[in-house]
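# Understanding the architecture of this molecule
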Amino acid sequence: MFFLELGSVYLGLDMGQEAIGAFDQGLRLDPRDEYLRDLRAVADGIVAGGVPEEVFTPFRQGLDALTVDPETALTLFDEVLDVAPDFHLAHLNRGIGLAAVARNAEAEDAVRRAIDLDPRYPESHAALAVVLLSQERNDEAEAALQQALALDPAHVEALRGLGMVYLLTERAELAASYFLRASRLSPLDLGLKV
């Protein structure tokens, strides 16, 4: 949290490289922190000139609102997209917000747009799988999760998701192997200890 806030302050002071350094320090402590990874990607985009500076504050506020008030998050991600229409992380997180309010067709479109803009980002494929699973499109979800793992073999959420797919499709041994892999990568995750 300290490095997240420090990086945010640096960005506010137009010190992009220092912000990236702070986010990187936080990621060394917790490389799986998706929130911090997203903010680091925004900072990198700002420094590289591909993302306008003014998207950082509404993007971060959108991330903060995503779990507690998805409708507010959607408004904030729309604000980001008004300024940076090709910013894949805004499309991705907008899709996550849409899924949270059960607007699955729109969620799928938003996440697929994020994948079109940056097909190398494993979180987008994992998020697509969540939307597909909610619609019981298990085969498509499995393919999306396999793609996430191809991009990041240590992607805990993709491993957990594949475990769920295999559990839902009555392949218990295969499900257990994926849950165990996820558990080894994230030993403190109580959700994997059941």
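Let us look at the structure shown here.

Thresholds applied
- Residues numbered from 1 in each chain as written.
- Predicted model: local features only at pLDDT ≥ 70, side-chain atom pairs only at ≥ 80, totals over all residues.
- Heavy atoms only, no water.
- Helix = DSSP H or I, 4+ residues; strand = E, 2+ residues; numbered from the N terminus.
- Rg over C-alpha atoms; globule rule 2.2 N^0.38 Å.
- Buried < 20%, exposed > 50% of the residue type's maximum accessible area, 1.4 Å probe, protein only.
- Contact = heavy atoms within 4.5 Å.
- Areas by Shrake-Rupley, 256 points an atom, 1.4 Å probe, with all protein chains shown as cover.
- Lys, Arg positive; Asp, Glu negative; His and termini not counted.
- Charge placed at Lys NZ, Arg CZ, Asp CG, Glu CD.
- Salt bridge = Lys/Arg side-chain N within 4 Å of Asp/Glu carboxyl O.
- Expected span 1.5 Å × (residues − 1).
- Arc of directions from axis to C-beta.
- Phe/Tyr/Trp six-rings, centres within 6.5 Å; stacked < 30°, edge-to-face > 60°.

Before going further, it helps to examine the overall build of the chain. Check the secondary structure of the chain and you find 11 helices and 0 strands. Starting at the N terminus and ending at the C terminus, the chain contains elements arranged as α-α-α-α-α-α-α-α-α-α-α. Relative to a compact globule of 194 residues, whose C-alpha radius of gyration would be 16 Å, the chain shows 17 Å and is just as compact. In terms of principal-axis extent, the alpha carbons of the chain reach across some 55 × 35 × 30 Å. When the 194 residues of the chain are sorted by exposure, 47% land in the buried category. Contacts in the chain between residues far apart in sequence, at least 24 positions, make up 45% of those at least 6 positions apart. With the model as given, the accessible surface of the chain reaches about 9,800 Å², and the carbon-plus-sulfur share is 55%. Placing the 16 positive and 33 negative side-chain charges of the chain at their respective mean positions leaves the two points 7 Å apart.

In this section: the pattern of salt bridges. Oppositely charged side chains are able to pair whenever their charged atoms sit close together. All chains considered together, the criterion is met by 15 salt bridges. Asp44 serves as the salt-bridge partner of Arg40, at 3.5 Å between the closest nitrogen and oxygen. Of this pair, Arg40 and Asp44 both sit in helix H3 (residues 34–48), 4 residues apart, which is roughly one turn of that helix. Asp64 is the salt-bridge partner of Arg60, the closest N and O atoms lying 3.9 Å from each other.

Even without glycine at this site, Ala102 takes up a positive phi of about 60 degrees. For Ala102, the location among the structural elements is in the loop between helix H6 (88–100) and helix H7 (104–117). Not every positive phi belongs to a glycine, and Glu170 is a case in point at roughly 60 degrees. By relative accessible area, Glu170 is classed as exposed at 76%.

Now for helix H9 (residues 138–151). For H9, with 14 residues, the first-to-last C-alpha span of 20 Å sits near the 20 Å given by 1.5 Å per residue. Listed as buried for H9 are Asn138, Ala141, Glu142, Ala144, Leu145, Ala148 and Leu149. All buried residues of H9 lie within an arc of 165 degrees about the axis, which places them on one face of the element. Summarising the geometry of H9, the exposed residues directed more than 90 degrees from the buried face are Asp139 and Ala150. On its buried face, H9 sits against helix H8 (122–134), helix H10 (156–168) and helix H11 (172–185).

Applying the stated rule across the entire model yields 4 aromatic pairs. Consider the rings of Phe2 and Phe3, whose centres lie 5.2 Å apart with planes at 75 degrees: the pair is edge-to-face.

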